[in-house]
Amino acid sequence: MLAKIADFYEREADAAVSGLTSLIEPIIIAFLGIVIGSIAIAMSLPIFKISTLMR
């Protein structure tokens with residue numbers, strides 16, 4: 001009986017973890033996109049500003 005209960009809760013825990021993972025994955029991808037995009041903008045803005053000052 002305890003083995004059946006353990007199997008049931010193991011399946012429930014696996015389902016909860018897979019659901020949580022499927023929710024967190026797009027959030028992490030969007031967060032990394034924002035971070036990398038802001039780094040790219042922070043690196044390119046001074047270059048463009050210098051090029052406009054040289055004219």
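Whatever comes next refers back to the structure up there.
Residues numbered from 1 in each chain as written. Predicted model: local features only at pLDDT ≥ 70, side-chain atom pairs only at ≥ 80, totals over all residues. Heavy atoms only, no water.

Draft legend 1. Molecular detail of a nonpolar patch on the surface. Residues Leu20, Leu23, Ile24, Ile28, Phe31, Leu32 and Ile36 make up a contiguous nonpolar surface patch of about 700 Å² in total accessible area. Inspection of the secondary structure assignment puts leucine 20 in helix H1 (residues 2–53). (Patch = residues over 30% accessible without salt bridge, like charges linked within 9 Å, V, L, I, M, F, W, Y side chains within 5 Å. Areas by Shrake-Rupley, 256 points an atom, 1.4 Å probe, with all protein chains shown as cover. Salt bridge = Lys/Arg side-chain N within 4 Å of Asp/Glu carboxyl O. Helix = DSSP H or I, 4+ residues; strand = E, 2+ residues; numbered from the N terminus.)

Draft legend 2. Highlighting the packing of aromatic side chains. Applying the stated criterion across every chain, the model contains one aromatic pair. Between phenylalanine 8 and tyrosine 9, the aromatic rings sit 5.2 Å apart at their centres with planes inclined by 70 degrees, giving edge-to-face as the arrangement. On the accessibility criterion, phenylalanine 8 (39% relative accessible area) is partly exposed. (Phe/Tyr/Trp six-rings, centres within 6.5 Å; stacked < 30°, edge-to-face > 60°. Buried < 20%, exposed > 50% of the residue type's maximum accessible area, 1.4 Å probe, protein only.)

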